[in-house]
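Breakdown of the fold
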Amino acid sequence: MAETVPVFQRQRQRKFHRRSRNGCSTCKAKHIRCDERKPLCTYCLRHGGECGYPDAGSVSNTTEVGRRSGSRAGSREPHSSSEPCLEVRLIDASPKDPFLGTSYDMPHRSRSLFQLFSNTRVLYTTRVQRDANSFIVHKALSHPGFLHAALLLTALHWAWSTGDVEHFRVPYLYHKLQAIRFVTDQLAHPDAVVHDGTIAAVSSLALVENALGSVDAVSSHLRGLAKIKELQVKDRRPEEMGLLQRVILMAARSVSSRPVWDILDISRTDFVHQSMIISLLRVALRPIYSLKILGNSYDSDEPLSEVLARKATHPRASESNALAPLRSVDSSRSGFIACYFYLYVIMREGSVDSFILTWFIEQLLADVCRTEAPMQRGQYSPSLWFWTVMFGACATMAAKTVDDLEASQIKVIQDVYFDKINLVSQMLRIRNWETAKSILSLFAWEDDFDGDTELKSVWEEAVWQGDGKRFKQYSAENVDYRHCW
């Protein structure tokens, strides 16, 4: 008798989910459930899609969506007459694809942002053509951390130049998320996480967030940088701070100890022009973290990241895919420059990677150039201007270069700073280092500063001829500043 075996066939059931009728065009084209988050849904945030929603009451063009369904997420460029036009011609990426042969899979809008980065710089609010052979562009293509940093900073600088935070909203949010993911992945690999590219990614996140006023996010990124520096093997950790870091700490101590009326006078003098002096006042008087704590971190047995975590403010809930409105350009730049002071004190090294440093010294030089004429007319304090150019020269000398191209391009900026030091030294009739120190002390100086000899060498290199017996002759007609302003 044949044995009968009962067969129970379980009917396949589809999981129930609520239909998304108002999803974005990218998700509809790919037949993906959209969570309808705005301004970017989760899928578009992660994959770089152009997250477009139909207007209320309007009917989406399903034919157009269907025609584009085979395209990759983020491959569509919206065409709107309301979007500002680039003054610099953006070259189509297809004939000369900078990512050809690399592992980068860049969304189309990111390619437009990259072209803007590779062709232009923004100095204060002015767009200036970038050198076609800029080492920064080469470096951005050498490591994902440098690339994410370059595009984040370019999106910020575009907003300074145009006041428009929406034009590059999608690639900005995409690379912000990708930079965070990249750094998180690198933390599992101690040898890789201390790479200059990883540090550039963390630094750019902190810089952009501080420029946009997101203090909680800045605190988190600074703690992340401190954690990365702790992962450096002991023989690679710097034993002493570099000159740049010591000048920052000396200035912060000196300014914070001044009488209130002196600080108010300095603030009134510089407020109209909003140079790096305002940024230094900001970190000295209203710091996110005390520079004294950051500076003394190596003398403590407790890791700096744990010290900062204990002193951090309680985080507030925020949307990771929201882009804060741009504050005034001056306020945003002040936060941007101020963040560098925290970054470099945490890094501690006498030589820092030239990629992130260049974005810093270019903005400092932009302030120097735009305040030069008012200074010569007596509308800006020459002593503040002298302090600024001396600080900028110190920053250029901190650059760590890896090839002749980097070294030559940093040297160009350094020579401009030396010319400015020579100019103001002749205006103020500074004939020796003692007189120079008396001028520096009008803003910030300490008599027992341990960088006295090093700063003296900077000043002498700027004003003395090679034989050390004659002053250099300064002539504005002999100096070409087109590359910096």
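Figured I'd write up the structure that's included with this text.

Calculation notes
- Residues numbered from 1 in each chain as written.
- Predicted model: local features only at pLDDT ≥ 70, side-chain atom pairs only at ≥ 80, totals over all residues.
- Heavy atoms only, no water.
- Helix = DSSP H or I, 4+ residues; strand = E, 2+ residues; numbered from the N terminus.
- Buried < 20%, exposed > 50% of the residue type's maximum accessible area, 1.4 Å probe, protein only.
- Contact = heavy atoms within 4.5 Å.
- Areas by Shrake-Rupley, 256 points an atom, 1.4 Å probe, with all protein chains shown as cover.
- Disulfide = S-S within 2.5 Å.
- Pairing = 2+ DSSP bridges.
- Axes fitted to C-alpha atoms, helices over the stretch in contact; angles between N-to-C directions.
- Parallel < 35°, antiparallel > 145°, perpendicular 65-115°, else oblique.
- Nonpolar A, V, L, I, M, F, W, Y, C, P; charged D, E, K, R; others polar.
- Core = buried A, V, L, I, M, F, W, Y, C linked by side-chain atoms within 4.5 Å.
- Phe/Tyr/Trp six-rings, centres within 6.5 Å; stacked < 30°, edge-to-face > 60°.
- Lys NZ or Arg CZ within 6 Å of the ring centre and 35° of its normal.

On to the overall build of the protein chain, then. Across its full length, the protein chain holds 21 helices and four strands. Taken over 485 residues, the protein chain has a buried fraction of 51%. Relative to all contacts within the protein chain whose residues are 6 or more apart in sequence, the contacts with residues 24 or more apart total 76%. By element, 50% of the accessible surface of the protein chain is carried by carbon and sulfur atoms, the whole surface being about 24400 Å².

A few words on the environment of arginine 348. Along the chain, the position of arginine 348 falls in the loop between helix 16 (329-347) and strand 3 (352-353). For arginine 348, a relative accessible area of 8% corresponds to the buried category.

In this section: unusual backbone geometry. Excluding glycine, residues mostly carry a negative phi; peptide bonds, for their part, are mostly trans. Of note, histidine 31 is a non-glycine position whose phi angle comes to about 55 degrees, a positive value. In the Ramachandran plot, tyrosine 124 falls in the positive-phi region, its phi being about 60 degrees despite a non-glycine side chain. Of note, tyrosine 124 is situated in the loop between strand 1 (120-123) and strand 2 (126-129).

In this section: the state of the cysteines. Defined simply, a disulfide is a covalent bond joining two cysteines at their sulfur atoms. Tallied over the entire structure, the rule returns zero disulfides. The thiol of cysteine 24 is not disulfide-bonded; the next cysteine sulfur, from cysteine 27, is found 3.6 Å away.

With four bridges joining them, strand 1 and strand 2 adopt antiparallel strand pairing. Across the sheet, threonine 120 pairs through a bridge with glutamine 129, a residue of strand 2. Between strand 1 and strand 2, which follow one another and run antiparallel, lie two residues, and tyrosine 124 among them has a positive phi close to 60 degrees.

Turning our eyes to something else, we now look at the packing of helix 19 (residues 404-427) against helix 21 (residues 452-463). With their axes 8 Å apart at the nearest point, helix 19 and helix 21 run at an angle of 85 degrees to one another. Overall, the two elements helix 19 and helix 21 adopt an arrangement that is roughly perpendicular. Contact residues: helix 19 offers Phe418, Ile421, Asn422 and Ser425, while helix 21 offers Val458, Trp459, Glu461, Ala462 and Val463. Residues belonging to the contact of helix 19 with helix 21 are distributed by class as follows: six nonpolar, two polar and one charged.

It is worth spelling out the packing of helix 4 (residues 108-119) against helix 7 (residues 169-186) at this point. Contact geometry for helix 4 and helix 7: axes closest at 9 Å, N-to-C directions at 95 degrees. It follows from the interaxial angle that helix 4 and helix 7 lie roughly perpendicular. Note on element contacts: helix 7 touches helix 4 through Pro171, Tyr174 and His175, opposite Arg109, Ser110 and Leu113. For the contact of helix 4 with helix 7, the per-class residue count stands at three nonpolar, two polar and one charged.

The next subject is the nonpolar core. Core analysis: the largest hydrophobic core is formed by 137 residues, its most contacted members being Phe360, Phe386, Trp387 and Ile421. When residues in this core are grouped by element, the largest group, 13 residues, is from helix 16.

Now for the packing of aromatic side chains. The geometry of two aromatic rings is summed up by the distance between their centres and the angle between their planes. All chains considered together, the criterion is met by 18 aromatic pairs. Taking the centre distance of 6.1 Å and the plane angle of 50 degrees together, the rings of tyrosine 344 and phenylalanine 360 count as tilted. Taken together, the residues tyrosine 344 in helix 16 and phenylalanine 360 in helix 17 (residues 354-376) connect sequence positions 16 residues apart. Residue class for phenylalanine 360 comes out buried when judged on its relative accessible area of 0%. On the numbers, 5.5 Å between centres and 75 degrees between planes, the contact of tryptophan 445 with phenylalanine 449 is edge-to-face. Among the aromatic side chains, those forming a connected cluster through ring pairs are Trp160, Phe336, Tyr340, Phe341, Tyr344, Phe360, Trp387, Phe391 and Phe443. Over the aromatic face of tryptophan 359 sits the side chain of arginine 130, whose NZ or CZ is 5.7 Å from the ring centroid. Above the face of the tyrosine 124 ring, arginine 370 is positioned so that its terminal group lies 3.7 Å from the ring centre.

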